[in-house]
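Fold and geometry: a report
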Amino acid sequence: LNAASGAFNLCCGEAYARFSELKRLKVHPGNMTKERDAVESCSADVYNGIKSSCVEQFDAVMSCLSDNPTEWAKCASMRRELEVCSVKNNLGELKKLSS
């Protein structure tokens, strides 16, 4: 998940923001089912989209992180390429914007 964290934030921003706001307000987790489901659904959609449309970029990030476990900054350009691919492929919530 770390490898694709930027893509998740870009492509699921609304769902993540709603869920985070409810956590900040200390809403009981039992009252956040809809928001939690939205985060899980969007995250799964983005992950599946990455694995089908951005696998080369994802694998590059994974390899870089593996080779540089304490120097993640070295992987910034590869993360950026994965983020660009995720946005270009309208993953997650971005699908709604392209329709």
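Scroll up to find the structure.
This one's a predicted model, so the numbers in the text were calculated from it and none came from an experiment.

Definitions and limits used
- Residues numbered from 1 in each chain as written.
- Predicted model: local features only at pLDDT ≥ 70, side-chain atom pairs only at ≥ 80, totals over all residues.
- Heavy atoms only, no water.
- Helix = DSSP H or I, 4+ residues; strand = E, 2+ residues; numbered from the N terminus.
- Buried < 20%, exposed > 50% of the residue type's maximum accessible area, 1.4 Å probe, protein only.
- Core = buried A, V, L, I, M, F, W, Y, C linked by side-chain atoms within 4.5 Å.
- Disulfide = S-S within 2.5 Å.
- Axes fitted to C-alpha atoms, helices over the stretch in contact; angles between N-to-C directions.
- Parallel < 35°, antiparallel > 145°, perpendicular 65-115°, else oblique.
- Left-handed = near helix turned anticlockwise from the far one by under 90°.
- Contact = heavy atoms within 4.5 Å.

Quick notes on the overall build of the protein chain
- Counting secondary structure elements, the protein chain contains 6 helices and 0 strands.
- Mapped from its N terminus to its C terminus, the protein chain presents α and β elements in the order α-α-α-α-α-α.
- In terms of overall dimensions, the protein chain has C-alpha extents of about 40 × 35 × 15 Å along its principal axes.
- Expressed as a percentage of its 99 residues, the buried residues of the protein chain come to 33%.

Some points on the nonpolar core
- Ala4, Val46, Ile50, Phe58 and Leu82 are the most contacted members of the largest nonpolar core, which totals 19 residues.
- Elements represented by at least two residues in this core include exactly helix H1 (5–11), helix H3 (33–53), helix H4 (55–67) and helix H5 (76–88).
- In terms of residue count, H4 provides more of this core than any other element does, 4 residues in total.

Re the state of the cysteines
- Scanning the entire structure with this criterion turns up 3 disulfides.
- Through a disulfide, Cys54 is tied to Cys85; the S-S separation comes to 2.1 Å. Judged by the torsion about the S-S bond (-95 degrees), the Cys54/Cys85 disulfide is left-handed. Residue Cys54 is located in the loop between H3 and H4, and its partner Cys85 is located in helix H5; the two are separated by 31 residues in the primary sequence.
- The buried category is assigned to Cys54, whose relative accessible area is 0%.
- Bridging Cys64 to Cys75, the disulfide has an S-S length of 2.1 Å. Where Cys64 bonds to Cys75 through sulfur, the torsion about that S-S bond is close to -90 degrees, and the disulfide is left-handed.

Considering the packing of H4 against H5
- Axis separation between H4 and H5 bottoms out at 9 Å; the angle between their running directions is 155 degrees. The pairing of H4 with H5 is recorded here as roughly antiparallel in orientation. Seen along the crossing, H4 lies across H5 with a hand that is left-handed. Residue-level inspection shows Gln57, Phe58, Ala60, Val61, Cys64 and Leu65 of H4 in contact with H5, the latter providing Met78, Arg79, Glu81, Leu82 and Cys85.

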